[in-house]
Amino acid sequence: MLTQVAIVGAGPAGSLLALLLHNAGIESIVVERQTRQHVLSRVRAGVLEWGAVEVFRRAGVGARLDAEGHVHSGTGIAFGGEHVFFVDIERHANSRFMAYGQTMLQEDLYLAIDQANVQIEFEVDHVAIHDITTAAPSVAFTQHGESKRIDCQFVVGCDGFHGPAKSAMPAGVLRTYEKTYPFGWLGILSETPPLEQLVYCNSERGFALASQRNPMLSRYYVQCPLEDSVDDWSDDRFWHELVLRFPDRIAKQIITGPSIDKSIAPLRSFVAEPMRFGTLFLAGDAAHIVPPTGAKGLNLAVSDVHYLSRALIQHYHDRHDHYLDRYSEMALRRVWGSVRFSWWMTSLLHRFPDHTEIDQRLQEAELAYLQSSDSAQAAMCEQYAGLPFED
Ligand code: APR
Ligand code: PHB
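Here we come to unusual backbone geometry. A cis amide bond, omega 5°, links glutamate 273 with the succeeding residue proline 274. Assignment of secondary structure puts proline 274 in the loop between strand S17 (259-273) and strand S18 (276-277). The residue glutamate 123 is not glycine, and still its phi comes out positive at about 55°. Structurally, glutamate 123 is set in the loop between strand S8 (119-121) and strand S9 (124-130). What makes glutamate 123 partly exposed here is its relative accessible area of 39%. Here the phi dihedral of arginine 319 falls at roughly 55°; this positive angle occurs in a residue that is not glycine.

Now for the domain arrangement of the protein. For the protein, the assigned domains are domain 1 (5-72 + 97-178 + 268-346) and domain 2 (182-266 + 352-385). If you average the C-alpha positions of domain 1 and of domain 2, the two centres end up 29 Å apart. Taken together, the 24 residues of domain 1 in the interface contact 21 residues of domain 2. Between domain 1 and domain 2, a total of about 1,900 Å² is buried, with carbon and sulfur atoms accounting for 60% of that surface. Run the count over domain 1 and domain 2 and you get zero salt bridges. Linking domain 1 with domain 2 are six residue pairs in polar contact (both at pLDDT 80 or more). Of all the secondary structure elements, the ones that give two or more residues to the side of domain 1 that touches domain 2 are strand S3 (47-49), strand S4 (70-72), strand S7 (97-99) and helix H10 (322-349). With six residues, H10 is the largest single contributor of residues to the side of domain 1 that touches domain 2.

What follows covers the sheet that holds strand S6 (residues 83-88). In a beta sheet, neighbouring strands are held together by backbone hydrogen bonds and run either parallel or antiparallel to one another. Judged by pairing direction, the sheet is mixed, and its eight strands sit side by side in the order S6-S5-S14-S15-S16-S13-S17-S20 without closing on themselves. Looking at the sheet topology across the chains shown, the edges are occupied by S6 and strand S20 (288-289). Where strand S5 (residues 74-79) lies against S6, six bridges are found, and the strand directions are antiparallel. Among the inter-strand pairings, alanine 78 is bridged to a residue of S6, identified as valine 84. Those strands touched by helix H7 (residues 235-245) are strand S13 (175-190), strand S14 (199-202), strand S15 (208-214), strand S16 (217-224) and S17, and its axis lies near 80° from that of S16.

With that out of the way, let us pick up the packing of helix H11 (residues 357-372) against helix H12 (residues 374-385). Put simply, H11 and H12 touch, their axes get as near as 5 Å, and they point 95° apart. With respect to H12, the axis of H11 lies roughly perpendicular. In this structure, H11 contributes Tyr369, Leu370, Gln371 and Ser372 to the contact, and H12 contributes Asp374, Ala376, Gln377 and Met380. Its residues assigned to classes, the contact of H11 with H12 comprises four nonpolar, three polar and one charged.

In the predicted model, the protein carries a mean pLDDT of 97, and 100% of its residues have values of at least 70. Across the protein, strand S1 (residues 5-8) holds the top mean pLDDT of 99, while S15 sits lowest at 96.

Residues in contact with ligand 2 amount to 14 residues; listed here are only the nearest, Tyr200, Ser211, Arg213, Tyr221 and Pro292. One of the side-chain nitrogen or oxygen atoms of arginine 213 is found 2.8 Å away from an oxygen atom of ligand 2. Between ligand 2 and the protein, one listed contact pairs an oxygen atom with a backbone N or O atom of alanine 295 at 3.5 Å. Protein contacts shield 98% of the accessible area of ligand 2, which totals 280 Å² for the unbound molecule. When residues in the shell around ligand 2 are grouped by element, the largest group, three residues, is from S15. By residue class, the composition of the shell around ligand 2 is nine nonpolar, three polar and two charged. There are two domains that each give the shell around ligand 2 at least three residues, and those are domain 1 (5-72 + 97-178 + 268-346) and domain 2 (182-266 + 352-385).

This part is about the pairing of strand S12 (residues 154-157). Burial along S12 is two-sided: the face carrying Phe154 and Val156 and the face carrying Val155 and Gly157 are both buried. Pairing geometry for S1 and S12, over four bridges, is parallel. Its bridge partner being in S12, valine 8 is matched across the sheet by glycine 157. Where S12 meets strand S19 (residues 280-282), three bridges bridge the pair, whose relative direction is parallel. If you follow valine 155 over to S19, its bridge partner there is leucine 280.

The way to describe two aromatic rings as a pair is by their centre distance and the angle between their planes. A full pass over the atoms with the stated rule returns 19 aromatic pairs. Measuring from ring centre to ring centre gives 4.9 Å for tryptophan 185 and phenylalanine 207, while their planes differ by 15°; the resulting arrangement is stacked. Separated by 22 residues along the polypeptide, tryptophan 185 in strand S13 and phenylalanine 207 in the loop between S14 and S15 bring together distant segments of the chain. According to the relative accessible area criterion, tryptophan 185 is buried, its value standing at 4%.

Rules behind the numbers
Residues numbered from 1 in each chain as written. Chains lettered and ligands numbered in written order. Predicted model: local features only at pLDDT ≥ 70, side-chain atom pairs only at ≥ 80, totals over all residues. Heavy atoms only, no water. Helix = DSSP H or I, 4+ residues; strand = E, 2+ residues; numbered from the N terminus. Buried < 20%, exposed > 50% of the residue type's maximum accessible area, 1.4 Å probe, protein only. Domains from an automatic or database assignment. Contact = heavy atoms within 4.5 Å. Buried area = accessible area lost by both parts, 1.4 Å probe. Salt bridge = Lys/Arg side-chain N within 4 Å of Asp/Glu carboxyl O. Polar contact = N/O pair within 3.5 Å; in protein donor to acceptor, adjacent residues only side chain to side chain. Pairing = 2+ DSSP bridges. Axes fitted to C-alpha atoms, helices over the stretch in contact; angles between N-to-C directions. Parallel < 35°, antiparallel > 145°, perpendicular 65-115°, else oblique. Nonpolar A, V, L, I, M, F, W, Y, C, P; charged D, E, K, R; others polar. pLDDT = per-residue confidence, 0-100. Near = heavy atom within 4 Å. Areas by Shrake-Rupley, 256 points an atom, 1.4 Å probe, with all protein chains shown as cover. Phe/Tyr/Trp six-rings, centres within 6.5 Å; stacked < 30°, edge-to-face > 60°.

Dropping the structure here:
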């Protein structure tokens, strides 16, 4: 097979990139290890920065997002079993955000890709990326036992944290940074009306979060030990624990019901840099992971793809590589900003196994400061809303 850009991975990053390139008349082929149904069944994040919403609109997948996404002007924070305050993002950062599930977004992306006739090869195996120091790299793989190859001009690794693209860079080029947090998040989906607002909660029993997908679909999380499995958590145990963590006036608004999905995810910060070597580029979870507390994972994938699509469009349309040459540094500035913010939100809101009394008092002091200071809230809002893209 022959194309301009070969993309490894058809999650949100790879699908969005293929679509933006197609809209600009640039050809790509996407290869994906899983089946389409598998990708569509993954329950993931649910918060979109306004800048990300605009990228999806520009890609031509804004219609359902605009019709069904829930626009928020801020978020709630609860702590100490009694305090609840609202952080007004619209007032402090002149921006809003949207609650819209990544699962629905992935459906929208695949529908648009089908309509555009962009080629995605599902169920591929043994992906190997070759000749990235040349202008004619290739991606070899097998599909249903048959060996295949894509010859191209650029390869983009959108293959998530476990994908093979990073390791196609020669030894010594890639530097990685990693921090694993000593707890996980147990998340459930239930067909119950959610709270009106998102509410992040620091409690002595551990972190909790009330989120939402649509007017009849709620998403809730509780911090849990890494060793726990979903079998340890019956629905009854989950709801019981969740309402104990929130202050009464929030807890009594929570409507419980059977879960339709339940999973545990570990929390980590990870960055691989540079995000380009030769004709290979990395985007999304392939290059970085953030703990979900700042709601940044999907948004970072979108900002990488925004920068990279702009760079490839400039390369093909204007025969100019200004943005391609700056892709890694530009993307990484935003990545490190979000890694820092996500670490700060995580540190502020969770109970750590080695938590001492002074750690506890420091968290309380920081939360009280955030509650009472406009300046502290403005700093949080600027990050939560997402910094503007660089020109
Ligand atoms: N060959 C082909 N495809 C692969 C391979 C491989 N060897 N390894 C992984 N993949 C695919 C995965 O099956 C997945 O569909 O790459 C895709 C990567 O998608 P995501 O993990 O969703 O990553 P990304 O597209 O960067 O989106 C980031 O997803 O994990 C969330 O919080 C994260 O919301 C953020 C978003
Ligand atoms: C979610 O709705 O899944 C969600 C919301 C906010 C977060 C993380 C996850 O910070």
